[in-house]
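Topology and contacts: notes
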Amino acid sequence: MNKSVIIEIRAGAGGDEAALFAHDLHRMYTRFAEKQGWEYKLLNSNQSSLKGFKEVVFQLKGENTYDKLKQEAGVHRVQRIPLTEKNGRIHTSTASVAILPQVESKEVEIRPTDINIDTFRASGPGGQNVNKRSTAVRLTHIPTGIVISSQNARNQATNKENALDILRSKLYLMKTEREIKNLGQERKAQIGTADRSEKIRTYNFPQDRITDHRIKKSWHDIERILDGNLQPIIKKFQK
């Protein structure tokens, strides 16, 4: 019954096309959230020169957000002819999605001595500084080496709080993944490995087909699903 999740989408293999695909996935989840009546909050983004996303991190708040979206975690693969392709060749690109249940500060303790905080100027596409003051925050968690950046809020305090929210969720997920591994092979097979390096789904545009490799199911009408109509996929997983 988790009320909010943090979603992190990163462009993988495929350069500009991977960043455009990350942008498509971001749009799919935000449109789905709109249809559910959930709240959206952008925590951090790093745009590519073609208005794709090298990375985007955002929060969705509403009823059963984690239960409905947890199956989205993993590597998503797209096969299509990019807009920049002059010879009509199909390219394969990837983007990874992490679904992090948001946790209360009392659930995951972060000691001030365990973090380094740097500030810098927020940047836009192409790396140009879009802020005259150093409002962006880079937070390093020393025990794990996790680095979080947050630059989309207008003030340093909010960016710091957003970065801490993301860090808490990542530490919580690491803890639960460790617990899953300790449960033994049989239980692990039942609940999955929560491995974000696992290729979970292919979006094949020439064949207008989305295939989920874990449950070996396919759906047609890619554009409609990318427009936020995720319900058919979610229903299959809930079964």
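An account of the accompanying structure is given in this report. (Residues numbered from 1 in each chain as written. Predicted model: local features only at pLDDT ≥ 70, side-chain atom pairs only at ≥ 80, totals over all residues. Heavy atoms only, no water.)

**Quick word on the overall build of the protein**
Scanning the protein from terminus to terminus reveals six helices and 11 strands. The buried share of the protein, reckoned over its 239 residues, is 44%. Accessible surface, the protein as shown: approximately 12,900 Å² in total, 46% of it carbon and sulfur. (Helix = DSSP H or I, 4+ residues; strand = E, 2+ residues; numbered from the N terminus. Buried < 20%, exposed > 50% of the residue type's maximum accessible area, 1.4 Å probe, protein only. Areas by Shrake-Rupley, 256 points an atom, 1.4 Å probe, with all protein chains shown as cover.)

**Points about the sheet that holds strand 8 (residues 146-150)**
With antiparallel pairing, three strands are arranged side by side in an open sheet as 6-7-8. In the strand order of this sheet, the two ends are held by strand 6 (115-120) and strand 8, each with one partner. For this sheet, the mean inter-axis angle between neighbouring strands, taken without regard to orientation, is 15°. As paired elements, strand 6 and strand 7 (residues 136-141) share six bridges and run antiparallel to each other. Residue pairing in the sheet places D118 in a bridge with R138 of strand 7. (Pairing = 2+ DSSP bridges. Axes fitted to C-alpha atoms, helices over the stretch in contact; angles between N-to-C directions.)

**Some details on the environment of L100**
Mapped onto the fold, L100 is located in strand 5 (residues 91-101). Using a relative accessible area of 1% as the deciding quantity, one classes L100 as buried. For the pair L100 and I7, spaced 93 residues apart in sequence, the C-alpha separation works out to 6.1 Å. In contact with L100, other than residues within four places in its own chain, are V5, I6, I166, S169, K170 and L173. (Contact = heavy atoms within 4.5 Å.)

**Quick look at the environment of V56**
Tracing the sequence through the fold places V56 in strand 3 (residues 53-61). Not counting residues up to four positions away in its chain, the partners in contact with V56 are I7, E8, I9, H26, L42, N44 and S45.

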